[in-house]
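Below, each chain spelled out in residue letters.
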2 protein chains.
Amino acid sequence: MPQTPTDQPPTELTPAQLEAYFAFTEVSSLLRHAVEKQLRDAGDLSYVQFQLLARLGDAPGGWRRMTDLADGVVYSRSGLTYQAQLLEQRGLVTRSPSPDDERSTVVALTDEGRAVLATVFPGHIDALRRLLFSTLSSDDVDDLARILGGAASHLRANPPRSAAPRRRAPRA
Amino acid sequence: MPQTPTDQPPTELTPAQLEAYFAFTEVSSLLRHAVEKQLRDAGDLSYVQFQLLARLGDAPGGWRRMTDLADGVVYSRSGLTYQAQLLEQRGLVTRSPSPDDERSTVVALTDEGRAVLATVFPGHIDALRRLLFSTLSSDDVDDLARILGGAASHLRANPPRSAAPRRRAPRA
DNA sequence: GGTTATTGCTTCGAGTTCGAAGCACTCAAG
DNA sequence: CTTGAGTGCTTCGAACTCGAAGCAATAACC
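Here the structure is a predicted model, which is why all the values come from computation and not from measurement.

Asker: Mind showing me how you'd approach the overall build of chain A here?
Answerer: In terms of regular secondary structure, chain A is built from six helices and three strands. Start at the N end of chain A and walk to the C end: the helices and strands fall as α-α-β-α-α-β-β-α-α. Counting only residues that meet the buried cut, chain A has 42% of its 172 residues in that class. At a minimum sequence separation of 6, the contacts of chain A that also span at least 24 residues come to 50%. A total of about 10300 Å² of accessible surface is found on chain A, and carbon and sulfur atoms cover 52% of it.

So, in structure tokens, the structure goes:
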């Protein structure tokens, strides 16, 4: 194990870091594709739609505000509007203005939405176990949770600088 | 509701598994968004485009077949055709039929493509270090590489059953 | 109270993604 | 040689995604 002479960051990653990064991206892609296929077959849901339903199912009262939903799944506002429309058309959620704040829209799970979620969920869990957790020891899972949990916090704290502070539009 | 008597898989995940999974998806989303922003700012490249250039830069001779490129980045063939067109229009790659096999197209990095790659690469590495590796110990990195490497192999070995064997279209 | 930000969501346009279908070439079998 | 299967890539259409711009409601300030 070579000593790192000083702390100054080199322009390269260590082999282990590269390996970890490639493995991460590969698992990310493959797992996502596999899960999407399973969800499409089981309940004709996209991954995003499933995540939204799952988050609603998890919420007390079965409803959330649009923005909270979007933040929860790391998703654009406009994209969420689109998906929420689709889910509403299928009768899986309702959308209504919040009584608190007329600006915000509250998305709520319908009975049918809850039913679909209940139908799809076990298959999703099975897929996860089969694809991901079947090869992982209990310690591995703990390690993953600890390491990635820390990384997630760090990433949340360092947002990708949400667009440069743009100058205001010129008045007429 | 009875206790879980044996090892047979329950329909739920353990809290640690859930935690690991959520952390994984969150890191995946956040890291992807952040890296995409960095690449767009630095060289007006999408993540996919960067991955393609990087893979070409890594290849002996600086060229690869379309299919090998697509498999390498877990990407659809048609999507690759689209992105390869964009890269070709920008003069970063060339496409030409393989002398070996007239069917296959060989994508090769141009000098300009290599230059762009050299420009963008350090920033990419820096971003990775800043966003991901700055919080990880050397042991963490080793653990990640080991655990996710194993998971990746397993996923590669269990492809999402490439579409059900659909019946062939009726002849005329 | 009245003006000026800020917030929450939607609409819009442009760009990207995928799978299915199609085309061209190669290989195997007769 | 001829047929048929298989492979490699592209084209096509439909769906999805995002950011910018727009609208309405709330909050902040004097």
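Having seen the model, we can carry on.
Asker: Whenever I open this one, the side chain of Gln-83 of chain B confuses me. Can you help?
Answerer: Within the secondary structure, Gln-83 of chain B sits in helix α4 (residues 77-89). When near neighbours in sequence (up to four residues on either side) are disregarded, Gln-83 of chain B contacts Ser-46, Val-48, Gln-49, Leu-52 and Tyr-75 of chain B.

Asker: Explain the nonpolar core to me, please; I cannot follow it from the model alone.
Answerer: Soluble, globular proteins show a tendency: their nonpolar side chains are buried together. Leu-31 and Leu-53 of chain A together with Leu-31 and Leu-53 of chain B are the most contacted members of the largest nonpolar core, which has 95 residues in total. With 11 residues, the top contributor of residues to this core is helix α1 (residues 15-43) of chain A. The residues touching Leu-53 of chain B, leaving out its near neighbours within four places in the chain, are Leu-45, Leu-87, Leu-92, Val-93, Leu-109, Val-116 and Leu-117 of chain B.

Asker: Help me understand the protein's contact with DNA strand D, please; the structure alone is not making it clear to me.
Answerer: Around DNA strand D sit 22 residues in total, of which Tyr-75 and Gln-83 of chain A together with Met-66, Thr-67 and Thr-81 of chain B are the nearest. Among the atoms of DNA strand D close to the protein, meaning within 4 Å, 72% are from sugar or phosphate groups. Here a phosphate oxygen of DNA strand D sits 2.4 Å away from a polar atom, N or O, in the side chain of Tyr-75 of chain A. Contact distances for DNA strand D include 2.7 Å between a base nitrogen and a side-chain N or O atom of Arg-103 of chain B. Those elements that place two or more of their residues in the surface near DNA strand D are α4 (77-89) of chain A together with α3 (66-73) and α4 of chain B. Considered class by class, the residues forming the surface near DNA strand D number five nonpolar, 10 polar and seven charged.

Asker: Help me understand the packing of α1 of chain A against helix α2 (residues 47-58) of chain A in this model?
Answerer: When two helices pack together, their arrangement is captured by the angle between the axes and the distance separating the axes. All names here are of chain A. The interhelical angle for the contact between α1 and α2, taken along N-to-C directions, is 75°, at an axis separation of 9 Å. Relative to α2, α1 is oriented roughly perpendicular. Contacts from Arg-32, Val-35, Glu-36 and Leu-39 in α1 reach Tyr-47, Val-48 and Phe-50 in α2. A class-by-class count of the residues in the contact of α1 with α2 yields five nonpolar, no polar and two charged.

Asker: How should I be thinking about the protein's contact with DNA strand C in this particular structure?
Answerer: As a matter of local geometry, DNA strand C sits amid 23 residues, with Met-66 and Thr-67 of chain A together with Tyr-75, Tyr-82 and Gln-83 of chain B nearest to it. Elements with a contribution of two residues or more to the surface near DNA strand C: α3 (66-73) and α4 of chain A together with α4 of chain B.

Asker: Just to check I follow, could you spell out the relation of the copies chain B and chain A for this structure?
Answerer: In this arrangement, two copies of a chain are superimposed by a rotation about an axis accompanied by a shift along the axis. Laying chain B over chain A is done by rotating through 180° and shifting 0.0 Å along the axis; what remains is an RMSD of 0.1 Å. Taken together, the rotation angle and the small translation identify this as a two-fold axis. Residue by residue, 98% of the interface of chain B is reproduced at the interface of chain A, so both copies engage with the same surface.

Asker: Looking at this structure, I do not really get the interface of chain B and chain A. What am I missing?
Answerer: Accessible area lost upon the coming together of the parts is a frequently used measure of interface size. Contact residues are listed per partner, giving 55 residues for chain B and 54 residues for chain A. Overall, the association of chain B and chain A removes approximately 5400 Å² of surface from exposure, summing both partners, and the carbon and sulfur fraction of that is 72%. The three residues of chain B that bury the most area against chain A are Tyr-21, Phe-24 and Leu-155 of chain B, which together make up 12% of that side's buried surface. A salt bridge links Arg-146 of chain A to Asp-140 of chain B; the nearest nitrogen and oxygen atoms lie 3.1 Å apart.

Asker: I tried to follow the side chain of Ser-46 of chain A on my own but got confused; where do I start?
Answerer: Mapped onto the secondary structure, Ser-46 of chain A falls in the loop between α1 and α2. Classification of Ser-46 of chain A by relative accessible area gives buried; the value is 13%.

Asker: Sorry, what's going on with the sheet that holds strand β2 (residues 93-97) of chain B here?
Answerer: The strands that make up a sheet pair up through hydrogen bonds in the backbone, lying either parallel or antiparallel. Residue and element names in this part refer to chain B. With antiparallel pairing, the three strands of this open sheet are ordered in space as β1-β3-β2. Each end of this open sheet is capped by a strand with a single partner; those strands are β1 (63-65) and β2. Strand-to-strand, the axes of this sheet are offset by a mean angle of 25°, without reference to chain direction.

Asker: Would you take a moment to explain the sheet that holds strand β2 (residues 93-97) of chain A for this structure?
Answerer: Residue and element names in this part refer to chain A. Judged by pairing direction, the sheet is antiparallel, and its three strands sit side by side in the order β1-β3-β2 without closing on themselves. Only two strands of the sheet have a single neighbouring strand rather than two, namely β1 (63-65) and β2. Neighbour to neighbour, the strand axes of the sheet diverge by 25° on average, direction disregarded. Packed on one face of the sheet, α2 meets β1, β2 and β3 (105-109) and runs near 85° to β3. Most of the contacts of α3 go to β1, to which it runs at about 90°, and overall it touches β1, β2 and β3.

Asker: Just checking my understanding: could you explain the packing of helix α2 (residues 47-58) of chain B against α3 of chain B for this structure?
Answerer: Residue and element names in this part refer to chain B. In contact at an axis separation of 10 Å, α2 and α3 are set at 120° when each is read in the N-to-C sense. If you check the angle between α2 and α3, you find them oblique. Taken as a pair, α2 and α3 cross one another with a handedness that is right-handed. Across the interface between the two elements, Gln-51, Leu-52, Arg-55 and Leu-56 from α2 touch Asp-68, Leu-69, Gly-72 and Val-73 from α3. In terms of residue class, the contact of α2 with α3 is made up of four nonpolar, two polar and two charged.

Calculation rules
- Counting restarts for each chain, with residues numbered from 1 along the sequence as it is written.
- Chain labels run from A onward and ligand labels from 1 onward, assigned in the order the entries are written.
- Local features in a predicted model are, by the rule used here, given only for residues with pLDDT of at least 70; side-chain atom pairs are given and counted only at 80 or more, and totals for whole chains, interfaces and linings are based on all residues.
- Computation of side-chain values: all heavy atoms of the structure, hydrogens and water removed.
- Only DSSP runs of H or I covering at least 4 residues are called helices, and only runs of E covering at least 2 are called strands; the numbering of each starts at the N terminus.
- Partly exposed residues are those whose accessible area sits between 20% and 50% of the maximum for their type, while under 20% is buried and over 50% is exposed, using a 1.4 Å probe and protein chains only.
- Contacts: residue pairs with any heavy atoms within 4.5 Å of one another.
- What sets the accessible areas is the Shrake-Rupley method with a 1.4 Å probe; for residues, cover comes only from the shown protein chains.
- Side-chain atoms within 4.5 Å link the members of a nonpolar core, which is a set of buried Ala, Val, Leu, Ile, Met, Phe, Trp, Tyr and Cys residues.
- To be near a molecule or strand, a residue needs just one of its heavy atoms within 4 Å of it.
- Polar contacts, as counted here, are pairs of nitrogen or oxygen atoms within 3.5 Å of one another; within protein the pair requires one atom able to donate a hydrogen and one able to accept it, and residues that are adjacent in sequence qualify only if both atoms are side-chain atoms.
- Side-chain classes follow a simple rule in which Ala, Val, Leu, Ile, Met, Phe, Trp, Tyr, Cys and Pro form the nonpolar group, Asp, Glu, Lys and Arg form the charged group, and the remainder, Gly included, forms the polar group.
- Structural elements are reduced to axes, namely lines fitted to C-alpha atoms, with helices fitted over the stretch in contact, and the angle between N-to-C directions of any two is expressed from 0 to 180 degrees.
- Note on terminology: angles under 35 degrees are roughly parallel, angles over 145 are roughly antiparallel, angles of 65 to 115 are roughly perpendicular, and the others are oblique.
- The copies were overlaid with a least-squares fit restricted to C-alpha atoms from residues scoring a pLDDT of at least 70 in each copy.
- Reported buried area values correspond to the accessible surface (1.4 Å probe) lost by two parts on association, with both partners' losses combined.
- By definition here, a salt bridge exists when the distance from a side-chain nitrogen of Lys or Arg to a carboxyl oxygen of Asp or Glu is within 4 Å.
- At least two bridges found by DSSP between two strands is the condition for calling them paired.
- Crossing handedness: left-handed means the near helix sits turned counterclockwise from the far one by under a right angle, and right-handed means the same turn made clockwise.

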